[in-house]
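Structural description and commentary
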Amino acid sequence: MRICDIFRTFAANITIMAKIAFITGASSGIGKACAYKFAQGGYTLLLNARSEDKLQAIQHDIQQQYGVDVVLLPFDVRDRKAAEVALTTLPDQYQSIDVLVNNAGLALGIDKEYEGIEENYDTMIETNITALLMMTRLVVPGMVNRGKGHIINIGSVAGDAAYPGGSVYCATKAAVKVLSDGLRMDLVDTPLRVTNVKPGLVETNFSVTRFGGDKERADKVYQGIKPLTGDDIADVVYYAASAPEHVQIAEVLVLATHQASGSLVYRK
Ligand code: 8X3
């Protein structure tokens with residue numbers, strides 16, 4: 001065997017041995033930042049989002065920068081069948097997911113609970129709760145069989161208490177906390193870990209989405225305060241994933257320095 005062939009075989013084996021992180025909602029914001037952070041750590045990535053175009057751009061950039069393997073899983077997390085097909089038909093070398101980052105989620109509208117758009121309520125509940133639960137249902141049994149794995153759910157400070165106009169979003173994030181706590185209990189006799197990372201104000205396209213594309217209105221949310229970035233949250237997610245195996249970071253609330261709760265922010 002020629003030296004370069006030996007090297008190639010060695011490199012291929014290294015790729016296969018790399019840990020695997022599956023990140024939902026990876027085309028922007030916190031999910032995208034997590035993709036870069038885990039790539040930096042040498043992980044093989046399984047990236048999910050609805051937009052294949054955006055995922056392809058990220059795949060290309062990450063492969064250029066970090067040389068890690070990036071597999072795209074473009075489907076809507078609310079599409080149970082698509083999720084099932086994508087995950088069960090993964091080639092063998094990508095089946096052993098080490099870290100599941102349940103990040104896909106959104107807020108729609110800031111309406112009073114009795115006036116909001118019902119379709120928005122459905123979308124938030126289906127994406128933030130049902131889809132997260134479905135990913136857990138699809139991925140965690142394999143982790144239990146292999147005796148290793150980490151589920152990191154992206155919750156929110158919004159799950160700690162309601163704020164005006166946010167009750168449905170807040171309720172979905174309260175559900176993420178309860179699902180995380182319940183899963184941790186159900187896995188207590190296994191080596192698996194469950195983390196709920198609860199960000200406060202993070203400047204991503206979160207508010208643009210919430211306000212139906214109204215960028216000016218979205219910008220006001222972050223005026224007079226230095227908000228968190230997707231990278232700030234990715235650092236915390238990665239820290240939790242990298243902690244020694246006997247350390248389970250159960251829950252982390254991450255706020256901007258001038259934010260004290262979901263509804264209390266000091267603006268200059
Ligand atoms: C987003 C945090 O405070 O904008 O999950 O609702 S907040």
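Residues numbered from 1 in each chain as written. Predicted model: local features only at pLDDT ≥ 70, side-chain atom pairs only at ≥ 80, totals over all residues. Heavy atoms only, no water.

1. Regarding the site of the ligand
Rules: Any residue with a non-hydrogen atom lying within 4 Å of a molecule or strand is treated as near it. Polar contact is defined as a pair of N or O atoms within 3.5 Å, subject to the rule that within protein one atom must be able to donate a hydrogen and the other to accept it, and that residues adjacent in sequence are counted only when both atoms are side-chain atoms. Note on areas: these come from Shrake-Rupley sampling with a 1.4 Å probe, and a residue is covered only by the protein chains present in the view.
In the vicinity of the ligand, the contacting residues are Ser-156, Val-157, Ala-158, Tyr-163, Tyr-169, Pro-199, Gly-200, Leu-201, Phe-206 and Gln-259. Interatomic distance of 2.6 Å between a side-chain N/O atom of Ser-156 and an oxygen atom of the ligand. Contact between the ligand and Tyr-163: an oxygen atom at 2.5 Å from a side-chain N or O atom of the residue. Across the complex, the protein chains shield 88% of the 240 Å² of accessible surface that the ligand would expose by itself.

2. Some details on the confidence of the model for the chain
Defined as follows: By definition, pLDDT measures how confident the predictor is in each residue, and it falls between 0 and 100. Helix numbers and strand numbers start at the N terminus; a helix is a DSSP run of H or I with at least 4 residues, a strand a run of E with at least 2.
Per-residue pLDDT for the chain averages 95, and the proportion of residues at 70 or more is 94%. When mean pLDDT is compared element by element in the chain, strand β5 (residues 150–154) scores highest at 99, while helix α1 (residues 3–17) scores lowest at 56.

3. Notes on the side chain of Gln-259
Stated precisely, the cut-off is as follows: Here a residue-residue contact requires only that any non-hydrogen atoms of the pair lie within 4.5 Å.
Looking at the secondary structure, you find Gln-259 in the segment after β7 (251–254). A polar contact of 2.9 Å, which involves the side chain of Gln-259, links it to the backbone nitrogen of Leu-201. Apart from the residues lying within four places of it in its own chain, the contact partners of Gln-259 are Val-157, Gly-200, Leu-201, Ile-225, Leu-264 and Val-265.

4. Digging into the sheet that holds strand β1 (residues 20–23)
In plain terms, the rule: For two strands to pair, DSSP has to find at least two bridges joining them. Axes here mean lines fitted to C-alpha atoms, for a helix over just the part in contact, with angles spanning 0 to 180 degrees between N-to-C directions.
Judged by pairing direction, the sheet is parallel, and its seven strands sit side by side in the order β3-β2-β1-β4-β5-β6-β7 without closing on themselves. Bordering the open sheet on either side are β3 (70–74) and β7, each of which pairs with just one other strand. The average undirected angle you get between the axes of adjacent strands in this sheet is 15°. Note that strand β4 (residues 99–102) and β5 share four bridges and pair parallel. Its bridge partner lying in β5, Asn-102 is registered against Asn-153. Here helix α2 (residues 29–40) sits on the sheet in contact with β1, β2 (44–49), β4, β5 and β6 (193–199), set at roughly 170° to β1.

5. Side note on the pairing of β1
The condition is simple: Only protein chains enter the accessibility calculation, which uses a 1.4 Å probe. A residue is then buried if its area is under 20% of the maximum for its type, exposed if over 50%, and partly exposed in between. When the strands point away from the viewer, a crossover counts as right-handed if the route from the first strand across the helix to the second turns clockwise.
Burial of β1 is two-sided: the residues Ile-20 and Phe-22 facing one way and the residues Ala-21 and Ile-23 facing the other way are all buried. As defined by bridge partners, β1 adjoins β2 across four bridges and the pair is classed as parallel. From the neighbouring strand, Ala-21 faces β2, where its bridge partner is Leu-45. The β-α-β motif built from β1, the intervening α2 and the parallel element β2 has right-handed crossover chirality. As paired strands, β1 and β4 are joined by three bridges and run parallel to one another. Bridge pairing in β4 links Ile-23 to Val-101.

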